[in-house]
Amino acid sequence: MERVIAALHEDKKFIYIIIDDISFLEVAANGSSSDVLNLLHYCHTLTSEYGCAFIALGHKDIYLNGDNAAVILEMEYYADILVRAEPLSTGLAKDVHGQLKVSDKETQHQHGISAIKTHNFHFKVKENGIECFYPGTKI
């Protein structure tokens, strides 16, 4: 993988490493969380070295039990931007299907401390996508 990324980097192309569902990697690795953690670390190293983006989808509900929590915690640790899709805290609604919590880790703060900005959006699932909006702005 590194040779391909290095060649694309030389061609001045921006590179995205995308894993659609990290839980499938664990299945392919015969249930080995340590192999998945090693891959996450390797991909993060590549992003640091070549300035590419690493995007991974993880289902927190799959990893909440036992030893598997390490995979989600590691993904959250490496993430610069974390997007969580959740149900509404108030329960079901007709025009709103859920909420997105977007957490953006800033690398520098005025006092040298990293800060996390969190933005909340509501969403409605449509036929060919979703509609996002700020809470209270959709009537």
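This text goes with the structure placed above it.
First, a word on scope: everything that follows refers to the structure included in this document. These numbers were taken from a predicted model, which means no experiment stands behind them. (Residues numbered from 1 in each chain as written. Predicted model: local features only at pLDDT ≥ 70, side-chain atom pairs only at ≥ 80, totals over all residues. Heavy atoms only, no water.)

### Focus on the overall build of the protein
Short version of the rule: Secondary structure follows DSSP: runs of H or I at least 4 residues long count as helices, runs of E at least 2 residues long count as strands, and numbering of each begins at the N terminus. Any residue under 20% of the maximum accessible area for its type is buried, any over 50% is exposed, and the rest in between are partly exposed; the area is computed with a 1.4 Å probe on protein chains only. By definition, residues are in contact when any of their heavy atoms lie within 4.5 Å. Note on areas: Shrake-Rupley with a 1.4 Å probe; residue coverage comes only from the protein chains shown.
Of regular secondary structure, the protein possesses 5 helices and 6 strands. Ordering the α and β elements of the protein from the N terminus gives α-β-α-α-β-α-α-β-β-β-β. Buried positions account for 26% of the 139 residues belonging to the protein. Counted over contacts in the protein with a minimum sequence separation of 6, partners at least 24 positions apart contribute 43%. Per element, the accessible surface of the protein, about 9,900 Å² overall, is 55% carbon and sulfur.

### With respect to a nonpolar patch on the surface
Rule in force here: Within the patch definition used here, like charges are joined within 9 Å and nonpolar side chains (Val, Leu, Ile, Met, Phe, Trp, Tyr) within 5 Å, considering only residues with over 30% relative accessible area and no salt bridge. Any Lys or Arg side-chain nitrogen located within 4 Å of an Asp or Glu carboxyl oxygen qualifies as a salt bridge.
The grouping of Phe14, Tyr16, Ile18 and Ile55 at the surface amounts to a nonpolar patch, some 460 Å² of accessible area in total. Position of Phe14 among the secondary structure elements: in the loop between helix H1 (2-10) and strand E1 (16-19).

### Some details on the pairing of strand E4 (residues 98-105)
What counts is decided by this rule: Between any two strands, pairing holds if DSSP finds at least two bridges.
Pairing analysis gives 6 bridges linking strand E3 (residues 81-86) to E4, with the strands arranged antiparallel. Bridged to Arg84 within E4 is Lys101. Bridge count between E4 and strand E5 (residues 116-126): 8 bridges; the pairing is antiparallel. Paired with Ser103 across the two strands is Thr118, which belongs to E5.

### Observations regarding the state of the cysteines
Disulfides are covalent bonds that link the sulfur atoms of two cysteine residues. Applied cut-off: Note on disulfides: each one is a pair of cysteine sulfur atoms within 2.5 Å.
Going through the model one piece at a time under the given rule, you end up with 0 disulfides. Cysteine Cys43 remains unbridged, with the sulfur of Cys52 as its closest cysteine sulfur at 8.5 Å.

### Let's talk about the sheet that holds strand E6 (residues 129-133)
How we decide: Only the stretch in contact is used when fitting a helix axis, every axis being a line fitted to C-alpha atoms; angles between N-to-C directions are given from 0 to 180 degrees.
Here we have 4 strands laid out as an open sheet, ordered E3-E4-E5-E6, and antiparallel in their pairing. Both edges of this open sheet fall to E3 and E6, since each of them pairs with a single strand only. Adjacent strand axes in the sheet meet at a mean angle of 30°, parallel and antiparallel pairs treated alike. Two strands pair when backbone bridges link them, and E5 and E6 are joined in this way by 5 bridges, in the antiparallel orientation. Of the residues in E6, the one forming a bridge with Val125 is Ile130.

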